[in-house]
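Working through the structure, step by step
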Amino acid sequence: MSESIKQTIRSFIVENFLFGDEAALPGDAESLIAGGIIDSTGVLELVAFIEEQFGFTVADSDIVPANLDTIDAIAGYVGRNASAAAAA
Amino acid sequence: MCGLAGYLGNVAEPERLLAAMGDAIAHRGPDGRGLNVIAPEGSAPGAGLSHVRLSIVGLADSAQPMVSEYGELAIAFNGEIFNYVELREELVARGYRFRTSGDTEVLLKLYEIYGPECLCRLNGDFAFAIWDGRAKRMFIARDRMGVRPLFYTEKAGTLYFASEVKALLAVPGFHAALDPLALDQVFTLWSPIAPRTAFEGVFELEPGNYMIADASGRRISTYWSLDFPDAVDVRPELNEDDRAAQLRHLLEDATRIRLRADVPVGSCLSGGLDSSIVAALAAEMAPRGLDTFAITFDSAEHDESSFQKLMARHLGVKHHEINCSEADIAAAFPDVVRLAEKPLIRTAPAPMYRLSSLIRETGMKVVLTGEGADEVFAGYDLFKEAQVRRFCARQPGSKFRPHLFRKLYPYLPGLQKQSAEYLAAFFGADAAPLSDPLFSHRPRLRGTAAAKLFFSADLKSRLAGYDAADDMIAQLPERFSRWHPLHQAQYLETRFLMPGYILSSQGDRMAMGNGVEGRFPFLDHRLVEFATTLSPSMKLKGLKEKYLLRKSMADKLPAEITHRVKQPYRAPDSRAFSGAVAQEQVHAVLNPSRVAGDGLFNAAAVDKLVQKCAGQSAPSFRDDTAFIGVLSTQMWLDIFQGTNRRASEAA
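As the structure is a prediction and not an experimental result, all values here were calculated from the model.

Calculation notes
Residues numbered from 1 in each chain as written. Chains lettered and ligands numbered in written order. Predicted model: local features only at pLDDT ≥ 70, side-chain atom pairs only at ≥ 80, totals over all residues. Heavy atoms only, no water. Phe/Tyr/Trp six-rings, centres within 6.5 Å; stacked < 30°, edge-to-face > 60°. Helix = DSSP H or I, 4+ residues; strand = E, 2+ residues; numbered from the N terminus. Buried < 20%, exposed > 50% of the residue type's maximum accessible area, 1.4 Å probe, protein only. Lys NZ or Arg CZ within 6 Å of the ring centre and 35° of its normal. Pairing = 2+ DSSP bridges. Axes fitted to C-alpha atoms, helices over the stretch in contact; angles between N-to-C directions. Contact = heavy atoms within 4.5 Å. 1 Å grid on protein atoms, 1.4 Å probe; cavity = no way out; pocket = protein on both sides within 12 Å on 5 of 7 lines; lining within 4 Å. Points joined across faces, edges and corners; volume = space filled by probe spheres on them. Domains from an automatic or database assignment. Salt bridge = Lys/Arg side-chain N within 4 Å of Asp/Glu carboxyl O. Arc of directions from axis to C-beta. Buried area = accessible area lost by both parts, 1.4 Å probe. Polar contact = N/O pair within 3.5 Å; in protein donor to acceptor, adjacent residues only side chain to side chain.

To continue, consider the packing of aromatic side chains. Residues and elements named next belong to chain B. Following the criterion strictly, the structure yields 29 aromatic pairs over all chains and no others. Pairing Phe-77 with Phe-128 gives two aromatic rings, centres 6.4 Å apart and planes at 85°, and the pair type is edge-to-face. Remark: Phe-128 occurs in strand β6 (residues 124-132) and Phe-77 occurs in strand β5 (residues 73-81); sequence separation between them is 51 residues. The same class applies to Phe-77 as to Phe-128, namely buried. Ring plane angle 10° and centroid distance 4.1 Å describe the contact between Phe-405 and Phe-427, whose orientation is recorded as stacked. One end of the pair, Phe-405, is in helix α13 (residues 403-408); the other, Phe-427, is in the loop between α15 (420-426) and α16 (442-449), with 22 residues separating them in the sequence. Phe-427 matches Phe-405 in its accessibility class, with the two residues each being buried. Joined through ring pairs, the aromatic side chains of Phe-77, Tyr-111, Phe-126, Phe-128, Phe-139 and Tyr-210 make up one cluster. The ring of Phe-391 has Arg-401 lying over it, and the distance from NZ or CZ to the ring centre is 4.0 Å.

Turning next to the sheet that holds strand β16 (residues 366-368) of chain B. Residues and elements named next belong to chain B. Read across the open sheet, the five strands follow the order β15-β14-β13-β16-β17; overall the sheet is parallel. Bordering the open sheet on either side are β15 (318-324) and β17 (517-519), each of which pairs with just one other strand. Mean inter-strand twist for the sheet, computed between neighbouring axes without regard to direction, equals 30°. Pairing of strand β13 (residues 266-268) with strand β14 (residues 291-297) involves two bridges; the strand directions are parallel. Paired with Ser-267 across the strands is Thr-292, a residue of β14. Sheet strands touched by helix α8 (residues 305-315): β14 and β15. Its angle to β14, the strand with the most contacts, is close to 165°.

Residues and elements named next belong to chain B. As a volume, the second largest pocket reaches approximately 430 Å³. The wall of the second largest pocket is formed by 25 residues, among which Glu-206, Pro-207, Ser-225, Tyr-491 and Arg-495 lie closest to the centre. With seven residues, the top contributor of residues to the lining of the second largest pocket is helix α19 (residues 485-502). When residues are assigned to domains, the lining of the second largest pocket turns out to be shared by domain 1 (2-176 + 194-222) and domain 3 (381-494), each giving three or more.

Moving on, we get to the pattern of salt bridges. Residue and element names in this part refer to chain B. Scanning all chains against the criterion turns up 62 salt bridges over all chains. Between Lys-384 and Glu-545 there is a salt bridge, with the nearest N and O atoms lying 2.9 Å from each other. Highlighted residues: Lys-384 in helix α12 (residues 381-393) and Glu-545 in the loop between α22 (536-539) and α23 (547-553), separated in sequence by 161 residues. Per residue, the accessibility class of Lys-384 equals that of Glu-545, and both read buried.

The phi angle of most residues is negative, glycine excepted, and most peptide bonds adopt the trans form. Residues and elements named next belong to chain B. For the bond running from Gln-64 to Pro-65, omega is -5°, close enough to zero to count as cis. Assignment of secondary structure puts Pro-65 in the loop between β3 (47-53) and β4 (66-67). Residue Ala-194 is joined to Pro-195 through a cis peptide bond whose omega torsion reads 10°. By the element assignment, Pro-195 lies in the loop between α5 (180-189) and β10 (203-204).

Residues and elements named next belong to chain B. Within helix α1 (residues 14-24) the residues assigned to the buried category are Pro-14, Leu-17, Leu-18, Met-21 and Gly-22. Taken around the axis of α1, the buried residues stretch over an arc of 135°, which confines them to a single face. Considering only its buried residues, α1 is in contact with β1 (2-8), β2 (32-38), β3, β9 (158-162) and α4 (165-168).

Let us look at the domain arrangement of chain B. Residue and element names in this part refer to chain B. The domain architecture assigned to chain B consists of domain 1 (2-176 + 194-222), domain 2 (241-371 + 503-562), domain 3 (381-494) and domain 4 (574-650). The junction of domain 2 with domain 3 conceals about 840 Å² of combined surface from both sides, 70% of it contributed by carbon and sulfur atoms. Per-residue buried area on domain 2 facing domain 3 is highest for Pro-536, Leu-540 and Leu-543; these three make up 62% of the total on that side. Between domain 2 and domain 3 we count one salt bridge in total. Where domain 2 meets domain 3, there are four residue pairs in polar contact (both at pLDDT 80 or more).

Below is the structure:
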């Protein structure tokens, strides 16, 4: 489950932020902000993608780097919330 | 105000070359032409000067190149010496005689008497070249702030120089090629770092510098540079009212001498504080009334027309405005790149070009503007941002302090929804070391450099190991580290971005594209030097920018203007190219096979960027920067490298 979430997120980052340049994809634990990949508009694009792709609403209080600044963090956050949404 | 060109060395057909160089910059001087060839004698090099004239002072009797009384000196001069009246009176009192009424002869006489020392006596915006037949040398100088341009190159031992690089393209055997390091600098700092230009082998004479060139070579010296007191010597202002009065006096005098002209002088109104101040002072001094000029936008986030009209009504001036639509920006953009002569990462010069066309159509050729106040009195958001970042860094992890970033940028919708943690992360509040000399500028540099993602693998490998920001640090004076953080930030802005982008790409080049001269009271060096002695809190007080300036001028302005928070001048960027006509233009310039053939950018990624921007109403800072940066670079290649490129395509 987690690996397929990660793969979906990586594909989104490559397409939407790196314009197909896979070589520029950061490691799963690297900061997307420090890498210059995501800025303030980019975060909103990421949140819109998560909501649409994984079928749950991202609470405003969840929009923090701890949840969204690395591929690992996003996958963990999505994993927790998508399963909660499915269980509900 | 005008354009100049020339050479030192030996040239096969000097008249023809000088005429061609003048033709290339004819837009700078529609009112007159002249050239002067000094034939080589003995072992001396030959020399030539070419001049295109925009007549503003000494309309009837100041043609150029001007030769001195006994024929030893010849000058080609672009710009104005605003204090020429006082300098002339002083020389007349000492027994010198003048044949003309203008500033050119005064400048020539001052050089004849004082040599290079004459520069310290000038209050003006200038670039000029003087052939000194006594010493068989060329003396070339540029004003302190970098208002007027001067470029040079060398070919087969001959030095060529001109107001714009276009004139150097007329030099036999010269081929334009884009300097990859300059491109990296544009994609980091918004402009090349002087003396480097976008053109390989072409350099600019830096502001505050002069060059002496003769048969033995060329030497460049600095006669003025921006300086600040050491931070330990900065004291709180004891008498704020006195300082405000001094400021007011200097600003009035700076405006007064900038109204000197034999043609009417107008004033631009942006709707902000600075241009309102200049217009208010000028309106009182203009005997026949003042004409003001403004640009308006369709989009509410860019348009400031309600403030412009408010100010025009307040002053009772004759106000002119011109609207700049997104389609207008797109249509003008190739001309903008041709005039700016460098890749751009913003469209903001385009509306300025449109504004200068309005000024010209109204029949005027000189305008005052508020340019420079944000650098000199700390008006830019960047200064406040750096202050907030320092404030956050003192309490890392604070849940409250980063909310101040939102307050700084009320016009950026993307920021309004962000958490304190994200705000801190975006602005590097917890990350950048306070000891970094570029601390104030890091978020901007990092945000801009993110657009380098689109560089091709080939370009990335050519630039491997190069960092434009490190290059900028290497240029800082030794005393920089001793200055107050606000003064450091002001220095970076005033030394690099102001001449490299604001005064050139957005200033001189856009105005002179329509034969209009801009004059900037806030950049009078007396005012600039005065402001460096003010304590930082007189400039940025808390988060109130330009504090003392507002105070000194409050009685002349409506309260809505005096207390208005700085709104940065911006224009629609990638969005300007979303219309059907502009999209056709974009697809032609960014055609994937051409982009790939030129080899600078990743063509597949650029193609996706074009699609993404076309479908989005509010692209991110990075995407906007990249789109305009790539588009303008490809246009630059079309315009300046076109001939070479067509030859290689045919081969």
